[in-house]
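Analysis of the macromolecular model
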Amino acid sequence: MSEERSSLNFLEHIIEEDLKTGYTKDQLRFRFPPEPNGYLHIGHASSICLNFGLGLKYGAPVNLRFDDTNPAKEEQEYVDAIKRDVEWLGFTWDTERYASDYFQQLYDWAVLLIQEGKAYVDSQSSEDMAAQKGSPTEAGVPSPFRDRSVEENLALFQGMKEGKFAEGTHVLRAKIDMSAPNMLMRDPIMYRILHKAHHRTNTDWCIYPMYDWAHGESDYVEQVTHSLCTLEFLPHRELYDWFLDQIHDTKKIRPKQREFARRNLSHTVVSKRKLLQLVESAVVTGWDDPRMPTISGLRRRGYTPESIRNFAETIGIAKRENLIDVSLLEFHVRDHLNKIAPRVMGVLDPLKLVITNYAEEEEWLEAENNPEDAAAGSRKVPFSKELYIEKADFREEANRKFFRLKLGGEVRLKNGYIIKAESCTKDTEGNITEVQCTYDPKSKSGSGTDESLRKVKGTLHWVSIKHALEAEIRLYDRLFTDESPDTHKDKDFMDFVNPDSLKVITGYVEPSLKNAKVQDRVQFQRLGYFCVDPDSTSEKLVFNRTVGLRDTWAKISEKS
RNA sequence: UGGCCCAUGGUGUAAUUGGCAACACAGCUGGUUUUGGUCCAGUCGUUCUAGGUUCGAGUCCUAGUGGGCCAACCA
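Residues numbered from 1 in each chain as written. Chains lettered and ligands numbered in written order. Predicted model: local features only at pLDDT ≥ 70, side-chain atom pairs only at ≥ 80, totals over all residues. Heavy atoms only, no water.

Surveying the vicinity of RNA strand B reveals 68 residues, the closest of which are His13, Arg320, Arg343, Ser445 and Lys555. Sugar plus phosphate, as a fraction of atoms of RNA strand B within 4 Å of the protein: 61%. Glutamate 35 is positioned with one of its side-chain polar atoms (N or O) 3.5 Å from a sugar or linking oxygen of RNA strand B. Contacts to RNA strand B include arginine 343, whose side-chain N or O atom sits 2.4 Å from a base oxygen. In terms of residue count, helix H14 (residues 552–559) provides more of the surface near RNA strand B than any other element does, five residues in total. A breakdown of the residues in the surface near RNA strand B according to their chemical character gives 24 nonpolar, 22 polar and 22 charged. (Near = heavy atom within 4 Å. Polar contact = N/O pair within 3.5 Å; in protein donor to acceptor, adjacent residues only side chain to side chain. Helix = DSSP H or I, 4+ residues; strand = E, 2+ residues; numbered from the N terminus. Nonpolar A, V, L, I, M, F, W, Y, C, P; charged D, E, K, R; others polar.)

Shown next as structure tokens:
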């Protein structure tokens with residue numbers, strides 16, 4: 001597969017290079033390492049697609065590893081949600097791992113470092129330590145505890161482990177270089193005391209390793225070859241390598257950390273703090289609100305795993321700053337849903353249409369389920385004298401660019417007949433309340449008559465009033481009015497919340513939808529893609545608009 | 001103000017590693033269409049600046065400019 005001549009991203013170039021000079025293909029191994037402290041979002045999705053995609057490309061295993069080194073923030077609930085989301089995206093991990101699986105090993109290695117004089121227990125306050133750290137332009141100063149004896153360090157560290165000390169009284173630090181230009185190398189903390197129960201190890205431990213100490217060593221334990229993370233971890237690489245130097249057995253794989261730029265999506269925020277703020281301030285209804293950029297939100301909105309994977313693949317991966325327009329994500333849902341979503345008819349903004357010369361009680365017309373997919377078959381939709389059409393599809397008069405219904409003009413009712421608008425009635429305020437029309441009985445769709453073959457410029461969707469199902473329709477728009485809401489120095493991202501990001505309306509849909517199930521996805525013809533929300537009941541259908549159809553008419557009418 | 005990373009059409013990403021700057025989206029034209037959808041065809045438009053090396057530079061070197069990251073007992 002790696003012989004494919006399709007272009008490679010910079011990480012694939014690195015891997016190809018490593019394959020030539022070092023590793024064999026069957027040694028390759030990747031990992032996706034979330035911290036179980038929140039819900040996964042679209043940014044994680046591209047990291048998941050990157051790591052698991054590499055696994056698929058090279059036939060290499062990919063571990064799902066939970067970076068659970070901070071019991072203050074992590075919960076089992078998040079572990080479960082993360083697993084569900086990764087699975088939903090369509091990926092299978094090789095083994096499920098936890099940094100907490102390695103607490104004992106990490107402890108043993110830490111003891112080794114102490115014995116070698118490469119780590120020491122510091123007993124200062126965090127404020128004092130911060131003050132000694134220096135700044136990017138000034139060197140730090142050594143802690144007064146830096147030269148404790150190995151014996152004392154060993155005894156204290158053991159005491160820390162045994163719970164003899166309160167939180168904040170001691171930490172274990174690596175003894176590296178207090179004047180290193182890289183601040184992370186100025187005697188970084190390896191362990192802190194936390195008297196908190198951990199969702200997996202419970203109270204077995206009261207000292208917990210810091211990210212830098214745990215991450216690289218976990219990669220090493222798992223023999224991950226390429227440990228990929230976002231660019232803000234670049235300064236950590238030096239420390240990652242230093243920690244590996246201390247324990248690396250040259251007969252084993254030495255993991256490499258490499259960094260890529262996180263993908264930024266326009267009109268959204270992804271930081272956990274900000275997403276939480278949206279939830280807590282009730283701007284959205286929860287982590288899975290269809291407007292949220294979380295995987296669970298996208299799922300509820302009606303996005304398909306394929307569309308997200310395709311999106312991740314087209315945006316690619318690189319090292320530069322980026323802001324990807326959400327419309328690209330929308331393109332990919334449309335692209336996929338166009339192929340798989342059954343077509344149905346629903347009217348969201350109804351206007352009554354009466355066919356004055358229609359004499360039948362009702363009839364059931366044949367309707368194609370999906371013109372993109374012959375195997376999708378067809379269904380019957382009821383037709384009768386009184387229908388709903390969209391308000392926007394009728395005007396008393398209009399210019400030639402308006403293909404829809406106008407007085408004296410003709411259109412085809414999708415799957416039905418050609419009609420001609422004869423008159424309309426209005427209320428006291430001048431709003432059109434009903435349109436009267438006549439139909440050509442010989443023009444029935446699919447009948448093969450000359451009349452049925454006639455071309456008319458417009459085709460409208462419709463529903464038969466007496467057969468229609470009432471449904472709640474939730475129309476979503478971007479959550480933020482600004483394309484990059486959290487990058488303004490003078491304004492808070494909450495200032496850009498779009499007040500119209502949700503509109504709830506009542507619509508009328510064809511009766512074939514009666515038994516639609518939660519998560520079913522359909523195209524309301526000429527309107528967009530919709531899916532059945534979990535709030536739906538047998539009494540009342542609830543649809544989410546996933547995304548509208550591409551709308552050329554909106555552009556034309558905007559111009560004039 | 002120290003160290004490090006980055007810079008290619010409107011957006012995102014490529015460029016066989018120094019050899020004709022391409023792909024997707026968006027835009028615009030037209031065609032097909034019982035969805036103003038889809039599909040098809042065409043079109044628009046790009047290497048931050050200044051030097052240097054070279055027969056040849058998006059790619060290498062130097063300087064500049066612009067953007068980003070780094071001082072949590074977070075990850």
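Of note, histidine 236 is situated in helix H8 (residues 236–247). Those residues in contact with histidine 236 that lie beyond four places of it in its chain are Leu184, Tyr211, Asp212 and Gln257. (Contact = heavy atoms within 4.5 Å.)

Further remarks concern the pairing of strand S9 (residues 256–260). Burial analysis of S9 places four of its five residues in the buried class, the great majority of the element. In terms of strand pairing, strand S8 (residues 226–230) meets S9 through five bridges, oriented parallel. Within the sheet, the bridge partner assigned to serine 227 lies in S9 and is glutamine 257. Viewed along the sheet, the connection from S8 through H8 into S9 turns out right-handed. (Buried < 20%, exposed > 50% of the residue type's maximum accessible area, 1.4 Å probe, protein only. Pairing = 2+ DSSP bridges. Right-handed = clockwise from strand over helix to strand, strands pointing away.)

Ile42, Ile48, Phe52, Val86, Leu89 and Ile308 are the most contacted members of the largest nonpolar core, which totals 48 residues. Ranked by residues supplied to this core, first place goes to helix H2 (residues 42–58) with eight residues. Those residues within four positions of leucine 89 in sequence are excluded, and the remaining contacts are Ala45, Ile48, Ile295, Pro305, Ile308 and Arg309. Core analysis: the next-biggest nonpolar cluster, separate from the first, contains 34 residues, Tyr107, Val111, Leu156 and Phe243 among them. (Core = buried A, V, L, I, M, F, W, Y, C linked by side-chain atoms within 4.5 Å.)

What follows deals with the confidence of the model for chain A. Any region with low pLDDT has predicted coordinates that should not be read closely. Model confidence for chain A is summarised by a mean pLDDT of 96, while 99% of its residues fall at 70 or above. Confidence drops under a pLDDT of 50 for residues 1–5, and excluding neighbours within four residues, the segment shows six contacts in the predicted structure. Across the whole predicted complex the pTM is 0.96, and at the interface the ipTM reaches 0.96. (pLDDT = per-residue confidence, 0-100.)

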